[in-house]
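Each chain is listed here by its residues.
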Amino acid sequence: INTVTYSSLLKGLSNQPEKMMELYKEMRARHVECNMITYNTILNCFAQCRAMRRVPQILQDMRTANPPASPDMVTYSTLVKGFCAT
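Residues numbered from 1 in each chain as written. Predicted model: local features only at pLDDT ≥ 70, side-chain atom pairs only at ≥ 80, totals over all residues. Heavy atoms only, no water.

**Some details on the overall build of the protein chain**
Moving on, step 1. If you tally the helices and strands in the protein chain, you get five helices and zero strands.
Moving on, step 2. Taken from N to C terminus, the helices and strands of the protein chain fall in the order α-α-α-α-α.
Moving on, step 3. Across the 86 residues of the protein chain, 42% fall into the buried class.
Moving on, step 4. Considering only contacts in the protein chain between residues 6 or more positions apart, those separated by 24 or more positions represent 62%.
Moving on, step 5. About 5,200 Å² of surface is accessible on the protein chain, with carbon and sulfur atoms providing 56% of the total.
Moving on, step 6. Charged side chains of the protein chain number 10 positive and 6 negative; the gap between the two group centres comes to 6 Å. (Helix = DSSP H or I, 4+ residues; strand = E, 2+ residues; numbered from the N terminus. Buried < 20%, exposed > 50% of the residue type's maximum accessible area, 1.4 Å probe, protein only. Contact = heavy atoms within 4.5 Å. Areas by Shrake-Rupley, 256 points an atom, 1.4 Å probe, with all protein chains shown as cover. Lys, Arg positive; Asp, Glu negative; His and termini not counted. Charge placed at Lys NZ, Arg CZ, Asp CG, Glu CD.)

See below:
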């Protein structure tokens, strides 16, 4: 299973943040690299499910990834949307 497959599965769980995080943890445990689509999918789930308390951990994971993942316009707009809704 690769990054694209995991990202697709994560998107399918976008209304179930607990299951999404379990899958994300599995992805990291298997050392499958996350990309911006992966991170933005997770952040969008948090925004839609009003689970913005989980955002700092994902942002930290982005910073410590190898190579680090820099937030893009989608990331920022998703964060604004999520924080404004809470």
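Okay, back to it.
**A closer look at the nonpolar core**
Moving on, step 1. Grouped together as the largest cluster of nonpolar side chains are 25 residues, with contacts concentrated most on Tyr24, Tyr39, Ile42, Phe46 and Ile58.
Moving on, step 2. If you list the elements that add at least two residues to this core, you get α1 (3-12), α2 (17-29), α3 (36-48) and α4 (55-64).
Moving on, step 3. Ranked by residue count, the leading element in this core is α3, at seven residues.
Moving on, step 4. Each residue touching Phe46, except ones within four places of it in the same chain, is listed here: Pro17, Met21, Ala51, Met52, Arg54, Val55 and Ile58. (Core = buried A, V, L, I, M, F, W, Y, C linked by side-chain atoms within 4.5 Å.)

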